[in-house]
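# Coordinate inspection notes
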Amino acid sequence: MTDSMCSRRLSTIFSSALFLASSPLKKSVYLLSALLIIACQPSPPTSEPVTAENSETVNTPLLIRADSITMTPDHILSVKPTRYQPSLGLEGEIEPIKKVNLTAGQALIVEKVLVKKNQWVEKGAPLFIVRRQTTQIQQPADAVAATNSAETVEINKKADIKPEQSAVNNQNSADDTVINSDKQTKQAVKNDAEIDAKMTAANSKKPTTDNATNSGSNDDLNNTQEAVPSEKSYNLITVRASFSGRIEKLYIKNEQKIEARQPLLKLSDETELHFIATLPIDAESQISVGQTVNFTAEGLIDEFTGQVSKLTTTQQPKQLLVAVNVVDNEVSRNQIRPDMKVTGRVDYGQIQVGTTVPKRALHNVDLTVLHKPPYKPLRPLIANVWIIKQDQRLTRQPVEVIEYDPLTKQYLIAGITNDSLICLANLPVESEGKKAVVS
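Residues numbered from 1 in each chain as written. Predicted model: local features only at pLDDT ≥ 70, side-chain atom pairs only at ≥ 80, totals over all residues. Heavy atoms only, no water.

This paragraph deals with the overall build of the chain. The number of helices and strands found in the chain is six helices and 26 strands. In the chain, of all internal contacts separated by at least 6 residues, the share reaching a separation of at least 24 is 74%. Surface summary for the chain: the accessible area is close to 25,200 Å², and the carbon and sulfur share equals 51%. (Helix = DSSP H or I, 4+ residues; strand = E, 2+ residues; numbered from the N terminus. Contact = heavy atoms within 4.5 Å. Areas by Shrake-Rupley, 256 points an atom, 1.4 Å probe, with all protein chains shown as cover.)

Structure follows, in structure tokens:
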């Protein structure tokens, strides 16, 4: 406080004192002494947030010199410790845990479709019947290579579909399941050769009598009739569901010719749901299977509960995939559906200590992402804050913005120690290292 300011305040105090002395209520000399002492005391640094609405010092000019910056006490904010629980933001889309996309491994003909779109089927129920195209005796080499490179499930007449337990298992695969009839094709070719051999042997027999001739002809016909139905029966492939679910997509119809890699059907179980979130690989030490996740869904008011079920590390790029199973209860069962976008938080570690600051204390950061529920960033949000160390020198320090309080319009930040003061002024970068002078 300057001498002129102190003089003005003293003059005001003296005027008040004279008025009190002349009034009927005689005041003690001690009251006058107290007023005089208070008049010359400097204003302490404020511990309450300073905003444009409640302070005229927001636009107060600063006196910037070569080695110092002079500012008012209202530009200074003391650190007020605030406890908080560290957490990670998770974002994803609801999808069934059990789902399978069937794709043809080679050219096929749909003999009969046994289900309809949106139909619920039980485990083991037949879905459709296909057979290989007779004109295609052997797969091209490139088609075989493409089929073998994918995750395939070879299905014969009694085989089931093998469901994927988690979408995480298929991050590098376009199809969940591929019907591969290459072995059936080779076996059918072998059967054809056996049939030709039998027919050749039958035709080479020389009958000695008419009865023998008739008998030989009947035997050959019976052998041929027995072999042909066997070949046809072998080429038919009945695909069955290996888990109960709903026919979400149906791409085929009766007597349809299917090319290799063409989608056939999508089956999913909507009674067990999850979502998969992506985190930086650095978060791997902060999260584990079994942790509780509280999340909200787009367009819904209620908060729902999930549980971390699986962690998967990807190489390109280096990330952490977090699978979160939706806890099945009455609230989630009646509202959560596939394809919903959800946002959640998972707590980790011990209670930490931060401090709250007004918006004008934070620099070089976009805070708009915090102005909607849950008022916490999905990813670490870094800002810069000017602080005054014990040597009175200014330092531009990075901090993490933890949370926004819409009631007080304050921001919780972490990264500042209690032995520092926060400068609310928007200083130029060249202020680094200069001495802060408060007057």
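It is worth spelling out the nonpolar core at this point. Core analysis: the biggest nonpolar cluster contains 22 residues, and Leu 90, Ile 94, Phe 275, Leu 279, Ile 287 and Ile 336 have the highest contact counts within it. Contributions of two or more residues to this core are made by strand E5 (87-93), strand E16 (273-280), strand E17 (292-297), strand E18 (303-314), strand E19 (319-326) and strand E20 (341-347). Discounting chain neighbours no more than four positions away, the residues touching Phe 275 are Leu 90, Glu 91, Gly 92, Glu 93, Ile 94, Val 293, Phe 295, Val 322, Ala 323, Val 324 and Val 342. Counting residues in each nonpolar core, the second largest holds 21 residues, with Val 110, Val 121, Val 239 and Ile 247 among its members. (Core = buried A, V, L, I, M, F, W, Y, C linked by side-chain atoms within 4.5 Å. Buried < 20%, exposed > 50% of the residue type's maximum accessible area, 1.4 Å probe, protein only.)

Another point: the pairing of strand E21 (residues 352-357). Regular strands place their side chains on alternate faces of the sheet. The sheet contact formed by strand E4 (residues 81-84) and E21 spans four bridges and is antiparallel. Note on E21: the bridge partner recorded for Tyr 84 is Gln 352. Summarising the sheet, E21 and strand E24 (residues 410-414) pair through three bridges and their orientation is antiparallel. Paired with Thr 355 across the two strands is Ile 413, which belongs to E24. (Pairing = 2+ DSSP bridges.)

Our next topic: the pattern of salt bridges. Where charged atoms of side chains with opposite charge meet at close range, the side chains can pair. For the structure on display, the rule yields seven salt bridges. Between Asp 67 and Arg 393 there is a salt bridge; the shortest N-O distance is 3.4 Å. Of this pair, Asp 67 sits in the loop between strand E1 (63-64) and strand E2 (68-71) while Arg 393 sits in the loop between strand E22 (381-388) and strand E23 (394-405), and the two are 326 residues apart along the sequence. On the accessibility criterion, Arg 393 (27% relative accessible area) is partly exposed. (Salt bridge = Lys/Arg side-chain N within 4 Å of Asp/Glu carboxyl O.)

To continue, consider the sheet that holds E20. The strand order across the open sheet formed by seven strands is E5-E20-E17-E18-E19-E16-E6, and the pairing between neighbours is antiparallel. Among the strands making up the open sheet, the edge pair consists of E5 and strand E6 (95-96). Sheet topology note: the E18/E19 ladder contains eight bridges and is antiparallel. Paired with Gly 306 across the bridge in E19 is Val 326.

Our focus in this paragraph is the sheet that holds strand E8 (residues 108-113). What holds strands together in a sheet is hydrogen bonding between their backbones, with the strands either parallel or antiparallel. Spatially, the four strands line up as an open sheet ordered E12-E10-E8-E14, and their pairing is antiparallel. The sheet terminates laterally at strand E12 (236-240) and strand E14 (257-258), the two strands that pair on one side only. Inspection of the sheet shows strand E10 (residues 126-132) paired to E12 by five bridges, in the antiparallel sense. Following the sheet pairing, Arg 131 is matched in E12 by Leu 236.

Note the cis peptide between Gln 316 and Pro 317, where omega equals -5°. Among the secondary structure elements, Pro 317 is positioned in the loop between E18 and E19. A cis amide bond, omega 5°, links Pro 373 with the succeeding residue Pro 374. The residue Pro 374 is located in the loop between E21 and E22 in this model. At Gln 392, a position not held by glycine, the phi torsion is positive, near 70°. Within the secondary structure layout, Gln 392 lies in the loop between E22 and E23.

On to the confidence of the model for the chain, then. With 63% of its residues at a pLDDT of at least 70, the chain reaches an overall mean of 75. Below a pLDDT of 50 lies the segment residues 1-57, which in the model reaches 48 contacts outside its immediate sequence neighbourhood of four places, other chains included. (pLDDT = per-residue confidence, 0-100.)

With respect to the secondary-structure elements, Lys 434 resides in the loop between strand E25 (421-423) and strand E26 (435-438). There is no salt bridge for the buried Lys 434, and the closest opposite charge comes from Glu 430, which lies 7.0 Å off by N-O distance. Those residues within four positions of Lys 434 in sequence are excluded, and the remaining contacts are Ile 64, Arg 65, Ala 66, Asp 67, Ser 68, Ile 69, Gln 392, Arg 393 and Leu 394. (Lys, Arg positive; Asp, Glu negative; His and termini not counted.)

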